[in-house]
Amino acid sequence: MKYIFITGGVVSSLGKGIAAASIGLLLKQRGLRVALQKFDPYLNVDPGTMSPFQHGEVFVTDDGGETDLDLGHYERFLDQNLTREHSVTAGKVYQAVIEKERAGGYLGKTVQVVPHVTDEIKTRIRAVGQSGDIDVIITEVGGTTGDIEGLPFLEACRQMRHEEGADNCLFVHLVLVPYIKVAKEIKTKPTQHSVKGLLEIGIQPDILLCRTEVPLGPEIRAKIALFCNVRERAVIEARDVASIYHVPLHFHREGLDEIVVKLLHIDAKEPDLEEWERMIQRMTAIEAGVKIAVVGKYVQIQDAYKSIIEAFTHAGVQNDVQVTVQWVDAEDVEKLGAGEALRGVAGILVPGGFGERGIAGKVEAIRYARENEIPFLGICLGLQCAVIEFARDVCGITDALSSEFSPNCANPVIDLMEGQSHGGKKGGTMRLGAYPCRLKPGTLAAELYGTVDVSERHRHRWEVNNEYRDTLERNGLTFSGTSPDGSLVEIVEIADHPYFIASQFHPELKSRPHRPHPLFFGLVRAAKSLRNSHSPSARQVSA
């Protein structure tokens, strides 16, 4: 087994996740079996209860794991499904150690960070390789070198090299190499200090990925190599590129994957990047564009919708259009009106979320899309808001609402189903992970998927109330996807509309660069058709 550890320094948000995913892709295309794993040093057991404003998107795996958004990058780049075991937090580690101590697992011993916490971390690293035939495990260590909470993880990684041998472990350090525009100088001192911080805890990086705005000349590379004690060819330029999907090709041109296999003594073929290159060529050749509004509650933090952004990219490439996302705060729709807030868009997406804030704006945006025949996709809470809007404005149930927002409302068209109470606990108590969905033949959903049996990932607690299904259906709302036993609504659509569909699940989580999700593909295709026919801003629309 070979191990690659990816750390970061100088500042956060440099793109360790993209770097890890890119290295994984390059090694996979060389014929190696690769597993990726993320360490997050925070004490939450998982990010499920964290605010999107603090953490960004919660990426849900098939087995119901609530994980960091970087796992989404791993899945998309490697085109493989991960599990909750590929996401490790300090909270999980400490919880396991304390539970073991309470169960008597350390009788007679003083439980300490070293060796007990670090042993638990190492166990979780190795466990990923035991889940299948794996050649290389790539572990991304979240945070920045020097963070107190990250020290046990770095110490565990150091011990891994000591135990597995230098030929089997590789350290890749991602750093910022700033360019001072006024002085027109590239500064290497932050990189030197970051590496010094790693050396102080016993880690010598083998490869440096240098994030930079400008090219790194031979002199700069030689200087970094000298003062950081790495080979010159191991100083890799990680320059800003047009899209994250360009990164693997850039790294390959820099020779990164060749250095990795040589340092790890792996005999591997040259990478087959032909399909990836074709995708990039198609992406860069796109000239036409469509504007699609995302009406959400967390639009100030676009990382909260990271998988939605990437799903639009995938669907745009397959439709040969550039999707421009117009971020619309749901509360602005309430203040300005849908006609003003959504002027000129060729499609509308209402994503998931929790809580009552912004619900009126989401419902208004959906009414605007339905009445003006603007392509619409609702996701999770977006489906629930679509049902509320339809019940109110089409079925005449004017006080229709969700019991999430008003527990004692008279007409809870969205409600908790029997047995779905969380008993006061919040973390990990929702309907999480992949569930089967059966599609109704002859519907838009069945046409888009090309099959009637699918599996999709969920993250929600409330459901469409079955007591209202007959009324909704009589008035024109089609339940085109349900659980196999028909008890839970998964997809709704309106037949006499160019594109009006909503899912209780999160389709964005399963979209891949070469296989856009059918619901996103359909939305972009419909938006492109509307744009080609006439601009919504030039139509007579009802606000």
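Treat the numbers as computed from the prediction; the structure is a model and nothing was measured. (Residues numbered from 1 in each chain as written. Predicted model: local features only at pLDDT ≥ 70, side-chain atom pairs only at ≥ 80, totals over all residues. Heavy atoms only, no water.)

1. Structural notes on the overall build of the chain
Stated precisely, the cut-off is as follows: Numbered from the N terminus, helices here are DSSP runs of H or I no shorter than four residues, and strands are runs of E no shorter than two. We compute the radius of gyration from the C-alpha atoms alone; for a globule the expected value is 2.2 Å times N to the 0.38, where N is the number of residues. For every residue, the accessible area (1.4 Å probe, protein chains only) is compared with the maximum for its type, and the residue is labelled buried under 20%, exposed over 50%, or partly exposed between those bounds.
When helices and strands are counted, the chain shows 19 helices and 23 strands. On C-alpha atoms alone, the chain measures out to a radius of gyration of 25 Å, which is about the 24 Å that the 2.2 N^0.38 rule sets for 543 residues. Along the longest, intermediate and shortest principal axes, the C-alpha atoms of the chain span 70 × 60 × 45 Å. Counting the 543 residues in the chain, one finds 58% classified as buried.

2. Topic: the nonpolar core
Threshold: Residues enter a nonpolar core if they are buried and are Ala, Val, Leu, Ile, Met, Phe, Trp, Tyr or Cys, with the set joined through side-chain atoms within 4.5 Å. In this description, contact between two residues means that some pair of their heavy atoms is separated by no more than 4.5 Å.
By size, the foremost hydrophobic cluster in this structure holds 50 residues, and its most contacted members are Ile4, Leu27, Ile138, Ile207, Leu209 and Phe251. Tallying contributions element by element places helix H1 (residues 16-28) first for this core, with eight residues. Ignoring any residue separated from it by four or fewer positions in sequence, one finds Ile138 in contact with Ile4, Ile6, Ala20, Ile23, Gly24, Leu27, Val34, Ala35, Leu36 and Gln37. One finds Leu383, Ala386, Phe390 and Val413 within the second-largest nonpolar core, a separate group that totals 46 residues.

3. Digging into the pattern of salt bridges
Which entries qualify depends on this criterion: A pairing counts as a salt bridge when a side-chain nitrogen of Lys or Arg comes within 4 Å of a carboxyl oxygen of Asp or Glu.
Here the structure, examined in full by the defined rule, presents 42 salt bridges. Note that Arg158 is salt-bridged to Glu155, the shortest N-O span being 2.8 Å. One end of the pair is Arg158 and the other is Glu155, both in helix H6 (residues 151-164) and three residues apart, which spans about a single turn. Assessed through its relative accessible area of 29%, Arg158 is described here as partly exposed. Of the residues examined, Glu155 reaches a relative accessible area of 19% and is grouped as buried. Here the residues in one salt-bridge network are Asp62, Glu75, Asp79, Arg457, Arg512 and Arg515, joined through shared partners.

4. Regarding the pairing of strand E18 (residues 431-439)
This is how it is decided: Only when DSSP finds a minimum of two bridges between them are two strands counted as paired.
With eight bridges connecting them, E18 and strand E19 (residues 453-460) associate as antiparallel partners. Looking across to E19, one finds that Tyr435 is bridged to Glu456. As judged from the two bridges shared by E18 and strand E21 (residues 477-482), these two strands associate in the antiparallel manner. By the bridge assignment, Leu439 is partnered in E21 with Gly481.

5. Re the confidence of the model for the chain
Let me state the cut-off plainly: pLDDT is a per-residue confidence score from the predictor, ranging from 0 to 100.
Summing up the model confidence of the chain, the mean pLDDT is 94 and the portion of residues at 70 or higher is 96%. Under a pLDDT of 50 for its full length, residues 536-543 has, in the predicted model, 22 contacts with residues more than four places off or in other chains.

6. Thoughts on helix H19 (residues 518-533)
Applied cut-off: Multiply 1.5 Å by the residue count of a helix minus one, and that product is the helix's expected span.
Helix length check: H19, at 16 residues, gives a terminal C-alpha distance of 22 Å against a target of 22 Å (1.5 Å per residue), a fit within 8%. Within H19 the residues assigned to the buried category are Pro518, Leu519, Phe520, Gly522, Leu523, Val524, Ala526, Ala527 and Leu530.

7. Description of the packing of aromatic side chains
Formally: The pairing test for Phe, Tyr and Trp rings, Trp by its six-membered ring, is centres within 6.5 Å, and the orientation test on the planes gives stacked under 30 degrees, edge-to-face over 60, and tilted for anything in between.
If you walk through the whole model with that rule in mind, you get eleven aromatic pairs. With 5.4 Å between their ring centres and 45° between their planes, Phe77 and Trp276 make a pair best called tilted. Pair noted here: Phe77 is in helix H3 (residues 70-78) and Trp276 is in helix H11 (residues 274-285), with a separation of 199 residues, a long-range link. Per residue, the accessibility class of Phe77 equals that of Trp276, and both read buried.

8. Details of unusual backbone geometry
The step from Val114 to Pro115 runs through a cis peptide bond, and the omega angle for that step is 20°. As for its position among the elements, Pro115 is in helix H5 (residues 113-130). Even without being glycine, Ser13 reaches a positive phi, approximately 60°. Looking at the secondary structure, you find Ser13 in the loop between strand E1 (2-8) and H1.

9. Observations concerning the sheet that holds strand E16 (residues 400-402)
Within a sheet, neighbouring strands are paired by backbone hydrogen bonds and run either parallel or antiparallel to one another. The three strands are arranged E16-E17-E20 in an open sheet whose pairing can be described as mixed. The two strands at the open ends of the sheet, each matched to only one other strand, are E16 and strand E20 (463-464). Of the pairings in the sheet, the one linking strand E17 (residues 411-415) to E20 comprises two bridges and is antiparallel in character. The partner of Ile414 across the bridge, within E20, is Val464.

10. Here's the deal with the sheet that holds strand E6 (residues 136-141)
Cut-off, in case you're wondering: Here, axes are lines fitted to C-alpha atoms. For helices the fit covers the stretch in contact, and angles between N-to-C directions go from 0 to 180 degrees.
Taken together, the seven strands give an open sheet; going across it, the order is E5-E2-E6-E1-E7-E10-E11, and neighbouring strands pair in parallel fashion. Each edge of the open sheet carries a strand with a single partner, namely strand E5 (87-89) and strand E11 (235-239). Strand after strand, the sheet turns through a mean of 20° between neighbouring axes, direction not considered. With six bridges connecting them, strand E2 (residues 34-40) and E6 associate as parallel partners. Residue pairing in the sheet places Phe39 in a bridge with Val141 of E6. This element, H1, spans E1, E2, E6, strand E7 (169-176) and strand E10 (207-212) of the sheet and lies at about 170° to E6. Across the sheet, helix H7 (residues 189-200) is in contact with E1, E7 and E10; its angle to E7 comes to roughly 145°.

11. Here's the deal with the side chain of Glu120
Here Glu120 is to be found in helix H5. In contact with Glu120, not counting residues within four places along its chain, are Val93, Ala96 and Val97.

12. Focus on the environment of Gln29
The residue Gln29 is located in the loop between H1 and E2 in this model. Take Gln29: its relative accessible area is 23%, and that puts it in the partly exposed class. Gln29 sits 460 residues away from Val489 along the chain, and the two C-alpha atoms are 40 Å apart. Once residues lying within four places of it in the same chain are set aside, the contact partners of Gln29 are Lys269, Glu270, Pro271, Asp272 and Leu273.

13. A word on the packing of helix H4 (residues 90-102) against H5
To be explicit about the condition: The hand of a helix crossing depends on one turn: near helix anticlockwise from the far one by less than a right angle means left-handed, and clockwise means right-handed. Each residue is assigned to one class: nonpolar for Ala, Val, Leu, Ile, Met, Phe, Trp, Tyr, Cys and Pro, charged for Asp, Glu, Lys and Arg, and polar for all the others, Gly among them.
At their nearest, the axes of H4 and H5 sit 10 Å apart, and the two run at 115° to each other. At the point where H4 passes H5, the crossing takes the right-handed sense. Within the contact between the two elements, H4 uses Lys92, Val93, Tyr94, Ala96 and Val97 and H5 uses Val113, His116, Val117, Glu120, Ile121 and Arg124. Looking at the contact of H4 with H5 residue by residue, the classes come out as seven nonpolar, one polar and three charged.

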